[in-house]
Amino acid sequence: MSLEGSEIPADGDLVHRAKRGDKFAFGQLVERYQGATYAVALSVTGRHEGAEDAAQESFLVALQRLDECRSPERFAGWLMTIVRNRSRNLVRRESLRHTDQVPPAARSLVPMPDRVAETSELRERLKRALAALPEIQRQIVLLHDLEGWTHREIAGRLGLPSGTVRSHLHFARKALRVSLGGTPAGPDLQRKAL
Amino acid sequence: MRDNVHDESRYADDLGPDEELAQALGLLDPAQQDPNYWLSFRSWVLSNATAELARRRLMHELTVADVMSSWAGGVVSTAVLAAVLAGLLLVRGADDPPPPPVGVEELLVSEVEGETIPTLLAPETNGAVAFASEIF
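Residues numbered from 1 in each chain as written. Chains lettered and ligands numbered in written order. Predicted model: local features only at pLDDT ≥ 70, side-chain atom pairs only at ≥ 80, totals over all residues.

### Remarks on the interface of chain B and chain A
One frequent convention defines the size of an interface as the accessible area lost when the parts assemble.
And step 1. Facing 34 residues of chain B, the contacting portion of chain A comprises 39 residues.
And step 2. Put simply, the parts of the chain that give the side of chain B that touches chain A at least two residues each are α1 (19-25), α2 (37-48) and α3 (50-61) of chain B.
And step 3. Sort the elements by how many residues they give to the side of chain B that touches chain A and α2(B) lands first, with 7 residues.
And step 4. Here the side of chain B that touches chain A is built from residues that sort into 19 nonpolar, 5 polar and 10 charged. (Contact = placed C-beta atoms within 7 Å. Helix = DSSP H or I, 4+ residues; strand = E, 2+ residues; numbered from the N terminus. Nonpolar A, V, L, I, M, F, W, Y, C, P; charged D, E, K, R; others polar.)

### Thoughts on the confidence of the model for chain A
Residue and element names in this part refer to chain A.
And step 1. Averaged over all residues, the pLDDT of chain A equals 82, while 80% of them reach at least 70.
And step 2. When the criterion is pLDDT under 50, residues 1-5 qualifies, and its contacts beyond four places in sequence or with other chains add up to 4 contacts.
And step 3. Confidence drops under pLDDT 50 across residues 102-111; counting only partners more than four residues distant or on other chains, this segment forms 2 contacts. (pLDDT = per-residue confidence, 0-100.)

### Some remarks on helix α8 (residues 151-158) of chain A
All names here are of chain A.
And step 1. What α8 keeps buried is the set His151, Glu153, Ile154, Arg157 and Leu158. For α8, the buried positions fall inside an angular range of 160° around the axis, keeping them on one side.
And step 2. Contact partners of the buried residues in α8: α4 (75-96), α7 (135-146) and α9 (162-179).
And step 3. Note on α8: the residue one or two positions beyond its end, Gly159, has a positive phi of about 70°. (Buried ≥ 20, exposed ≤ 12 C-beta atoms within 10 Å, placed from the backbone. Arc of directions from axis to C-beta.)

Dropping the structure here:
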């Protein structure tokens, strides 16, 4: 994504307009970063429901605190900080609350078509593999390989040195491949997913 | 989530896209199960942001004239009351006679008690010749 293009408004411009209550500008910011906020929230919470809640709430919090965003052109990094904090708070609250939700193991006993079952199983394997990574590596690999950010975009937006991002990405990919069954897991994953 | 994950030109000096891993991670994208997921996501956020966006629009549309006019009621009434009070005081003060003019020397010594020189004003020295001098 090239934000510098003349057709696409820069973050700073959208933030200034959103500060004045421009719904369309705020909507563009949400559309631009909804995937990234979800990815970062998922990397912290480890589950869809929590990630969705944290990502959506983060946009609302960001709008309320938009005047505190000192560098509107660096909105993405500021937003990701809010997402991380909201997600961590959510995890903390959830860990204190005892729920009577159906555990994943019990849910997997529900009969379902083979392909759906395989996809679901693969999704659970992915979640477990991601859960074994440090949080920062989960964030980086999801932003890079799921959301499509370059390592420079990640470095700039998360406030990390470029080399650190490359290093984390390298180790995260390596660990994921090992967790998912080594290099041959790639084609295996593709076959199951398709 | 994003289509550009497959755009290799974006990764010129990057580690490059990992197609297999990206495809596997794509399973975590909620849009895989619900194609309208992101639209619903955005709609939820925008509908819950309506009040805050409206507040921001209102704050931005307020002009200096609006602020002044909102103050006008209180400020004008206070100013009129103050002017009336000042006028009354001036009118009442005009009936009193003006104070007599006072000289500067008189002002300098007024309210200051003059000390006598005890030797000169003592009763037993009446009739006697005395010399006095003061050095300032």
